[in-house]
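Given next are the chains, with one letter for each unit.
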Amino acid sequence: MQLIALTGGIASGKSTIGKKLEELGAVRIDADQLAREAVEPGSPGLELITQRFGGDVLSENGELNRAALGTIVFNDTEALNDLNTIVHPEVRRLLVTGIDRARQNDLDSVVVYEVPLLVEAGIENASEDLNFDAVVVADAPAELRVQRMIQLRGMSEDEARQRIANQASDEARRAIADVLIDTSGTEDHTIHQVEELWQQLTRQS
Ligand SMILES: CC(C)(COP(=O)(O)OP(=O)(O)OC[C@H]1O[C@@H](n2cnc3c(N)ncnc32)[C@H](O)[C@@H]1O)[C@@H](O)C(=O)NCCC(=O)NCCS
Ligand SMILES: Nc1ncnc2c1ncn2[C@@H]1O[C@H](COP(=O)(O)OP(=O)(O)OP(=O)(O)O)[C@@H](O)[C@H]1O
C-alpha cells in the first residue's frame, strides 16, 4: 500500500485532483468529509461543540449550522483552536480506520488522504507516525484562490480572505511538497499533471 497526502490551500484544487486520482484507481479519504462525520447529530463531537459554542450553532433539525459556526471560528483564533481540538482527534481516528480498511481490501492500493491542514496545528503530527510515501501539494496563488471562492462559491471577498488568513502560507506548504501540482492554469492542465503523477505512482508499486 502507498499512502499519499494531498494538501493545498482553500480552493487550490485538492478535490479536483483527489477525484481524478480516485477515478484512476486510488482510494480517496477526504478530511473535510471525516470532519463532517465527526459532528453528525448524536455524536460526542457535536455535543462538545454545543457545550463550547452554545445552541445557536445548531439548525432547527439539530444538525450543525456550518455557516454559523464558520462565521464564529474564522473570526476568532481561540475559537478555531477550540473547534480543532474537538474535531481533529476524531478525524484522526476515522482516518486510521479508513487506511486499515483499504489495506485489508488490497495490499497494493494507493490511498490518497486529501487534507487541507497538513502543515497547520492539529493535523501536522499525522505525517510523523503515518509515514506518507509522498506529499502532493496543489499550488495556486492566494489571489487566484480568492477569485475562485468569490466567483465559484459565492463567498464575499472578506470571507474568502479570512479563510486564507487562517491557513498556512503557500511557502510553508511548498516546503513539505514532494510533488507540486500547478493548479493556476486550466483544469485540463491540472488533470494532465494528475495523470502523470498516477503513472509515476503505479510504476513504483
Ligand atoms: C468551521 C466549519 C463548520 C465550516 O464549515 P464549511 O462547510 O463552511 O466549510 P468546509 O468544512 O467545507 O471547509 C472548507 C474549507 O475551509 C477550510 N477550513 C476548514 N476548517 C478549517 C480550519 N479548522 N482551519 C483552517 N481552514 C479550515 C479548508 O480549506 C476546507 O477545505 C468546518 O470547516 C469545520 O468544522 N472545521 C473544523 C474541522 C476542520 O479542521 N476541518 C478541516 C479538515 S480536518
Ligand atoms: N487549474 C485548476 N485546477 C483545479 N481547479 C480549478 C482549476 N481552475 C479552476 N478550478 C476550479 O477551482 C475550484 C477548486 O475547487 P476544489 O474543490 O477542487 O478545491 P479544494 O482545494 O478542494 O477546496 P477546499 O479547500 O475548499 O475543499 C473548482 O471549482 C475548480 O473547478
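Conventions we followed
Residues numbered from 1 in each chain as written. Chains lettered and ligands numbered in written order. Predicted model: local features only at pLDDT ≥ 70, side-chain atom pairs only at ≥ 80, totals over all residues. Heavy atoms only, no water. Core = buried A, V, L, I, M, F, W, Y, C linked by side-chain atoms within 4.5 Å. Buried < 20%, exposed > 50% of the residue type's maximum accessible area, 1.4 Å probe, protein only. Helix = DSSP H or I, 4+ residues; strand = E, 2+ residues; numbered from the N terminus. Contact = heavy atoms within 4.5 Å. Pairing = 2+ DSSP bridges. Axes fitted to C-alpha atoms, helices over the stretch in contact; angles between N-to-C directions. Near = heavy atom within 4 Å. Polar contact = N/O pair within 3.5 Å; in protein donor to acceptor, adjacent residues only side chain to side chain. Areas by Shrake-Rupley, 256 points an atom, 1.4 Å probe, with all protein chains shown as cover. Salt bridge = Lys/Arg side-chain N within 4 Å of Asp/Glu carboxyl O.

A closer look at the nonpolar core
Core analysis: the largest hydrophobic core is formed by 32 residues, its most contacted members being Ile49, Phe53, Leu69, Val87, Tyr113 and Phe132. With 10 residues, helix H5 (residues 77-105) is the single largest residue contributor to this core. In this structure, Leu69 is in contact with Ile49, Phe53, Val57, Leu64 and Leu83, ignoring residues within four places of it in sequence. Judged by nonpolar contacts, the second largest core, of 15 residues, contains Ile4, Leu6, Val194 and Trp198.

Looking at the sheet that holds strand S1 (residues 2-8)
Taken in spatial order, the five strands make up an open sheet running S2-S3-S1-S4-S5, and their pairing is parallel. Strand pairing shows two members of the sheet lacking a second neighbour, strand S2 (27-30) and strand S5 (179-182), which therefore form its edges. Between one strand and the next, the sheet's axes are offset by a mean angle of 20°, whatever the strand orientation. Summarising the sheet, strand S4 (residues 134-139) and S5 pair through four bridges and their orientation is parallel. Each bridged residue has a counterpart across the sheet, and for Asp139 the counterpart in S5 is Asp182. The strands touched by H5 are S1, S2 and strand S3 (110-114); relative to S2, the strand with the most contacts, the crossing angle is about 175°.

Brief notes about the site of ligand 2
The environment of ligand 2 is made up of 17 residues, and the closest members are Lys14, Ser15, Thr16, Arg153 and Glu187. The separation between an oxygen atom of ligand 2 and a polar main-chain atom of Ser12 is 3.1 Å. Within the backbone of Thr183, an N or O atom sits 3.3 Å from a nitrogen atom of ligand 2. When isolated, ligand 2 has an accessible area of 630 Å², and the protein chains bury 81% of it. Within the residue set of the shell around ligand 2, elements represented by two or more residues are helix H1 (14-24), helix H7 (142-153) and helix H10 (187-204).

Digging into the pattern of salt bridges
Under the counting rule described, the total for this entry stands at 13 salt bridges. We note a salt bridge from Glu143 to Arg161, for which the minimum N-O separation is 3.0 Å. Highlighted residues: Glu143 in helix H7 and Arg161 in helix H8 (residues 157-165), separated in sequence by 18 residues. Judged by its relative accessible area of 44%, Glu143 falls in the partly exposed class. Relative accessible area serves as the criterion here: at 33%, Arg161 is assigned to the partly exposed category. Ionic pairing is found between Asp170 and Arg173, a salt bridge with its closest N-O pair at 2.9 Å. On the criterion of helical spacing, the pair formed by Asp170 and Arg173 is a turn pair, its members being three residues apart in helix H9 (residues 170-175). Residues Asp170 and Arg173 agree in their burial class; the two are buried. One salt-bridge network, in which partners are shared between bridges, spans Glu22, Arg28, Asp30 and Glu114.

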